Amino acid sequence: MADPAQLIQKIRATLAPCSLGDWPTPLERAAALGRAIGVAELSVKREDRSSASYGGNKVRALEFLFADAPPGTIFVTLGGTGSTHCLATAVHAAAAAGRAVLAQFPQPETPASRAVASACRERAALVVHARARGLLPLAVLDAWRRAGALGPRRWIPGGGAHPRAVVGHLLAGLELAAQIASAPDAIVLPLGTGGTAAGLALAVTALGWPTRVVGVRVAPRLVANRWRTMRLARAARRLLADRGVPLPAPRSLDLVDGVGQGYGHPTPEGDAAERLASEHGLTLDPTYGAKAFAFLMGRATRDVQRVVFWHTFAAPVSEPEPAP
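Residues numbered from 1 in each chain as written. Predicted model: local features only at pLDDT ≥ 70, side-chain atom pairs only at ≥ 80, totals over all residues. Heavy atoms only, no water.

Undergrad: When you look at the overall build of the protein in this model, what are you seeing that I'm missing?
TA: The helix and strand inventory of the protein stands at 11 helices and 10 strands. In summary, the protein has a C-alpha radius of gyration of 19 Å against a globular reference of 20 Å for 324 residues, a match within 12%. Considered along the principal axes of its C-alpha atoms, the protein spans approximately 55 × 45 × 45 Å. The buried share of the protein, taken over its 324 residues, is 56%. When the accessible surface of the protein is split by element, carbon and sulfur atoms take 53% of a total near 13,600 Å². Charge centroids of the protein, computed over 36 positive and 24 negative side chains, lie 7 Å from each other. (Helix = DSSP H or I, 4+ residues; strand = E, 2+ residues; numbered from the N terminus. Rg over C-alpha atoms; globule rule 2.2 N^0.38 Å. Buried < 20%, exposed > 50% of the residue type's maximum accessible area, 1.4 Å probe, protein only. Areas by Shrake-Rupley, 256 points an atom, 1.4 Å probe, with all protein chains shown as cover. Lys, Arg positive; Asp, Glu negative; His and termini not counted. Charge placed at Lys NZ, Arg CZ, Asp CG, Glu CD.)

See below:
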């Protein structure tokens, strides 16, 4: 096994991502919360603290997806009205001397999704809304066309689901080697478009860990599935191999269902997880984090005692008031 710190340095030197985040993100022990759910050792990987501008797990992806973009680039992407990927793209486009155009479909309203939607409207150069999810392709075409009038365009896949973006999440997994004494039994995270889980699957294999990567499905099966996630992992591995950074083939991940009524719809189990986490100072969102943490509260984790929970959600940061 290669030294994780050296491997991180080599990957960054090879792919030359831009700089958007603050690395490594903290790994925090959550002993009291762990006791509340019957887990002997619970740690939380604070991806929500990846940037003071706006955090969350998508910052890692965008460092690689924004790389080499010329100043003035218009980054075009898609997601739900409460999409943290859309918001992260809009916020961090400015750090890459660009702007963002978003195509969005409606999702159920919650306090978290309303706050994200409002921030997207404030930060993006343009938001094109589809009146129904089935009309999203037309909204994407309209957004792409209208972005062309603003400057040179670059497409950013929904959720950042691209092999280059997966490499960013691989680096997140490699960070754990310096933050934890020994391999955890499991890493638990929400599974949407699959990029984060793909990167973690690569990381635990590269580290030689027996750790289970457990993705809790929070999006429709067409988008959130094992085949698509592992395809992303294998594509990222080929990308690195072609650039002289070989990695072992990733093991598959465990996938459990947590979507409930549908994407963005809160579930009773997620609501209970959100309340419990809040009592211990951890803010979860109903679309992703609460559904993933609900898995930890179930009986399914009785066979794992050392768990890392991947905390991906960051609340929007208000823009500072202009100086008088």
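On we go.
Undergrad: Is there a simple way to think about the packing of aromatic side chains in this case?
TA: Aromatic ring pairs are described here by two measures, namely the spacing of the ring centres and the angle between the planes. Taken as a whole and judged by the stated rule, the model has four aromatic pairs. An angle of 80 degrees between the planes, with centres 5.9 Å apart, marks the rings of Tyr263 and Tyr288 as edge-to-face. Linking Tyr263 in the loop between strand E9 (254-257) and helix H10 (268-279) with Tyr288 in the loop between H10 and helix H11 (289-297), this pair joins segments that are 25 residues apart in sequence. The structure contains a cluster of three or more aromatic residues connected by ring pairs, namely Phe105, Tyr263 and Tyr288. (Phe/Tyr/Trp six-rings, centres within 6.5 Å; stacked < 30°, edge-to-face > 60°.)

Undergrad: Help me understand the sheet that holds strand E5 (residues 126-129), please; the structure alone is not making it clear to me.
TA: By definition, the strands of a sheet pair up through backbone hydrogen bonds, in either a parallel or an antiparallel sense. An order of E5-E4-E3-E6 is seen for the four strands of this open sheet, with the pairing classed as parallel. In this open sheet, the two strands that pair with only one neighbour each are E5 and strand E6 (153-155). Strand-to-strand twist in this sheet, taken as the mean axis angle between neighbours without regard to direction, amounts to 25 degrees. Where strand E3 (residues 74-80) and E6 come together, three bridges link them in parallel fashion. (Pairing = 2+ DSSP bridges. Axes fitted to C-alpha atoms, helices over the stretch in contact; angles between N-to-C directions.)

Undergrad: I'm lost on the state of the cysteines in this one. Help?
TA: Cysteine pairs can be linked by a disulfide, which is a covalent bond between their two sulfur atoms. Applying the stated rule across the entire model yields zero disulfides. In this structure Cys18 is a free cysteine whose sulfur lies 18 Å from that of Cys86, the closest cysteine sulfur available. (Disulfide = S-S within 2.5 Å.)

Undergrad: What's the story with the pattern of salt bridges in this structure? I'm lost.
TA: When the charged atoms of two side chains with opposite charge come close together, those side chains can pair. With the rule as written, the count across this model stands at 13 salt bridges. Where Glu175 meets Lys45, a salt bridge forms, and the shortest distance between an N and an O atom there is 2.8 Å. Linking Glu175 in helix H7 (residues 163-175) with Lys45 in strand E2 (residues 41-46), this pair joins segments that are 130 residues apart in sequence. A single burial state applies to Glu175 and to Lys45, both of which are buried. Among the salt bridges present, the one from Asp142 reaches Arg145, with a minimum N-O distance of 2.6 Å. In this pair, Asp142 and Arg145 are both assigned in helix H6 (residues 136-147), three residues apart and thus about one turn of the helix distant. Judged by its relative accessible area of 56%, Arg145 is exposed. Each member of the salt-bridge network shares a partner with another, and the members are Glu28, Arg46, Asp48 and Arg49. (Salt bridge = Lys/Arg side-chain N within 4 Å of Asp/Glu carboxyl O.)

Undergrad: I would appreciate a short explanation of the sheet that holds strand E1 (residues 27-29) in the present structure.
TA: Across the sheet, which stays open at both edges, the six strands sit in the order E1-E2-E10-E7-E8-E9 with mixed pairing between neighbours. The sheet terminates laterally at E1 and E9, the two strands that pair on one side only. Neighbouring strand axes in the sheet, compared pairwise and without regard to direction, differ in orientation by 25 degrees on average. Relative to E9, strand E8 (residues 212-217) runs parallel, the two being bridged by four bridges.

Undergrad: Just to check I follow, could you spell out the nonpolar core for this structure?
TA: Nonpolar side chains in soluble globular proteins tend to end up buried together. Of all hydrophobic cores here, the largest spans 55 residues; its most connected members are Ile11, Val167, Leu170, Leu174, Leu240 and Trp310. With seven residues, the top contributor of residues to this core is helix H8 (residues 195-206). Those residues within four positions of Leu240 in sequence are excluded, and the remaining contacts are Ile11, Leu15, Val167, Leu170, Val245 and Leu247. Residues Tyr54, Phe75, Ala90 and Val91 belong to the second largest nonpolar core, which totals 27 residues. (Core = buried A, V, L, I, M, F, W, Y, C linked by side-chain atoms within 4.5 Å. Contact = heavy atoms within 4.5 Å.)

Undergrad: Which parts of the structure should I look at to understand unusual backbone geometry?
TA: It is generally the case that most residues other than glycine have a negative phi and that most peptide bonds are trans. Following Trp23, the chain continues to Pro24 via a peptide bond in cis, the omega torsion being -5 degrees. Here the phi dihedral of Ala16 falls at roughly 50 degrees; this positive angle occurs in a residue that is not glycine. Mapped onto the secondary structure, Ala16 falls in the loop between helix H1 (4-15) and E1. For Ala16, a relative accessible area of 40% gives the class partly exposed. For Ala97, which is not a glycine, the phi torsion comes out positive at approximately 60 degrees. Assignment of secondary structure puts Ala97 in the loop between helix H4 (84-93) and strand E4 (99-105). Given the relative accessible area of 43%, Ala97 is considered partly exposed.

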